[in-house]
Amino acid sequence: IGQVSVETQTRATPAVLGKPSLDKFNLKLQRNGTGLIAYDGPFQETVNVEIGSYDITATCGEDVIIGRDAPFYIGTAQAQVEVGQTKSVNISCHVGNALVSVMFGRDDAERQAFDEMYDDYGLLVKIGQHSMAITKETAATSIYFQAGSSPELIFYGTLKDGRVVSTVVSHQSIPKVFQAGNHAIVRLSLSGSDWIIIEGGESFGGEFQ
């Protein structure tokens, strides 16, 4: 496994969480065009197989429906094994799932405004019956989910006067269907003394990277 791409932007992204070590990877070798599995187990420097053509898959982590700080890496390659030869294969791996991060306020003053206005607040990431929230206490984390998902993003909060509020967060730069490696960074801002999240215009700052 010669290269593992961990490039995304800020927050608890693969780049921040760090490159996984080789012993965290799983290798699967399948005979090309057949259902024969020649090897499926922990990464090894050398795997002995019979002559033939093989599809090789390297994975690290679990491709969970939804999870916190849970990147999933995957890479594929092919190898033709011949009699009396050792075949060297390089597998480049990439992030195979997608993620959402959130920033409550564009600066320290806005973040303080959230705290002054709300007793608690967060961004709920919902995929079907599954959901997970990024709260003010877990703002440095990211929510990961499978590629091909269309998560619903919901801001919620309890105002100081006890009212519970929520609103769906949408923006043209947030993809409707996330592909592998997609990372939506949602920046939420307050509109004066109003609790409503700005969902359009220059003030929103919603960003897809």
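Definitions and cut-offs
- Residues numbered from 1 in each chain as written.
- Predicted model: local features only at pLDDT ≥ 70, side-chain atom pairs only at ≥ 80, totals over all residues.
- Heavy atoms only, no water.
- Helix = DSSP H or I, 4+ residues; strand = E, 2+ residues; numbered from the N terminus.
- Contact = heavy atoms within 4.5 Å.
- Core = buried A, V, L, I, M, F, W, Y, C linked by side-chain atoms within 4.5 Å.
- Buried < 20%, exposed > 50% of the residue type's maximum accessible area, 1.4 Å probe, protein only.
- Pairing = 2+ DSSP bridges.
- Axes fitted to C-alpha atoms, helices over the stretch in contact; angles between N-to-C directions.
- Salt bridge = Lys/Arg side-chain N within 4 Å of Asp/Glu carboxyl O.
- Arc of directions from axis to C-beta.
- Phe/Tyr/Trp six-rings, centres within 6.5 Å; stacked < 30°, edge-to-face > 60°.

(A) Geometry of the overall build of the protein chain. For the protein chain, the count of helices and strands is two helices and 17 strands. Put simply, 61% of the contacts in the protein chain that link residues at least 6 apart link residues at least 24 apart.

(B) Main features of the nonpolar core. One finds Val-100 and Tyr-118 to be the most contacted residues of the largest nonpolar core, which totals 27 residues. Elements with a minimum of two residues in this core: β8 (97-104), α2 (108-117), β9 (118-127), β11 (143-146), β12 (152-159) and β14 (183-188). Examining the composition of this core, we find that five residues originate from one element, β9, more than from any other. What Val-100 contacts, discounting residues up to four positions off in sequence, is Leu-123, Val-125, Ile-134, Ser-142, Ile-143, Phe-145, Leu-153, Phe-178, His-183, Ala-184 and Val-186. Counting residues in each nonpolar core, the second largest holds 16 residues, with Phe-43, Ala-77, Ile-91 and Cys-93 among its members.

(C) Broad picture of the sheet that holds β9. Read across the open sheet, the four strands follow the order β10-β9-β12-β13; overall the sheet is antiparallel. The strands lining the two open edges of the sheet, one partner per strand, are β10 (130-135) and β13 (164-168). Strand after strand, the sheet turns through a mean of 25° between neighbouring axes, direction not considered. In this structure, β9 lies alongside β12, joined through eight bridges in antiparallel fashion. Residue Leu-124 lies in a different strand from β12, and its bridge partner there is Ile-154. Each of β9 and β12 touches α2; the most contacted strand, β9, lies at about 105° to it.

(D) Seen up close, the pattern of salt bridges. Within the structure shown, the criterion is met by three salt bridges. The partner of Arg-111 in a salt bridge is Asp-108, and the shortest N-O contact between them spans 2.5 Å. Pair noted here: Arg-111 and Asp-108 are both in helix α2, with a separation of three residues, about one helical turn. Given the relative accessible area of 58%, Asp-108 is considered exposed. Residue Arg-163 is joined to Asp-161 by a salt bridge in which the shortest nitrogen-to-oxygen separation is 3.0 Å. Residue classification places Asp-161 among the exposed residues on the basis of a relative accessible area of 53%.

(E) Looking closely at the side chain of Thr-135. Note on placement: Thr-135 falls in strand β10. With sequence-adjacent residues up to four places away left out, Thr-135 is seen in contact with Phe-104, Tyr-121, Gly-122 and Tyr-156.

(F) A look at the environment of Asn-182. As for its position among the elements, Asn-182 is in the loop between β13 and β14. Spatially, the C-alpha atoms of Asn-182 and Gly-96 are 9.2 Å apart, while their sequence positions differ by 86 residues.

(G) Inspection of α2 at higher detail. Within the span of α2, buried status applies to Glu-110, Phe-114 and Met-117. Projected down its long axis, α2 shows its buried positions confined to an angular sector of 80°, all on one face. Relative to its buried face, α2 has exposed residues pointing more than 90 degrees away, namely Asp-108, Ala-109 and Glu-116.

(H) Structural detail: the packing of aromatic side chains. This structure, assessed with the given rule, holds eight aromatic pairs. Where Phe-104 meets Tyr-121, the ring centres are 5.0 Å apart and the plane angle is 75°; that geometry is what we call edge-to-face. One end of the pair, Phe-104, is in strand β8; the other, Tyr-121, is in strand β9, with 17 residues separating them in the sequence. Between the aromatic rings of Phe-145 and Phe-178, the centroid separation amounts to 5.1 Å while the plane-to-plane angle is 85°, which identifies the pairing as edge-to-face. With Phe-145 in strand β11 and Phe-178 in the loop between β13 and β14, the pair connects residues that are 33 residues apart, well separated along the chain. Of the two residues examined, Phe-145 and Phe-178, each falls in the buried class. Three or more aromatic residues link up through ring pairs in this structure, and these residues are Phe-104, Phe-114, Tyr-118, Tyr-121 and Phe-155.

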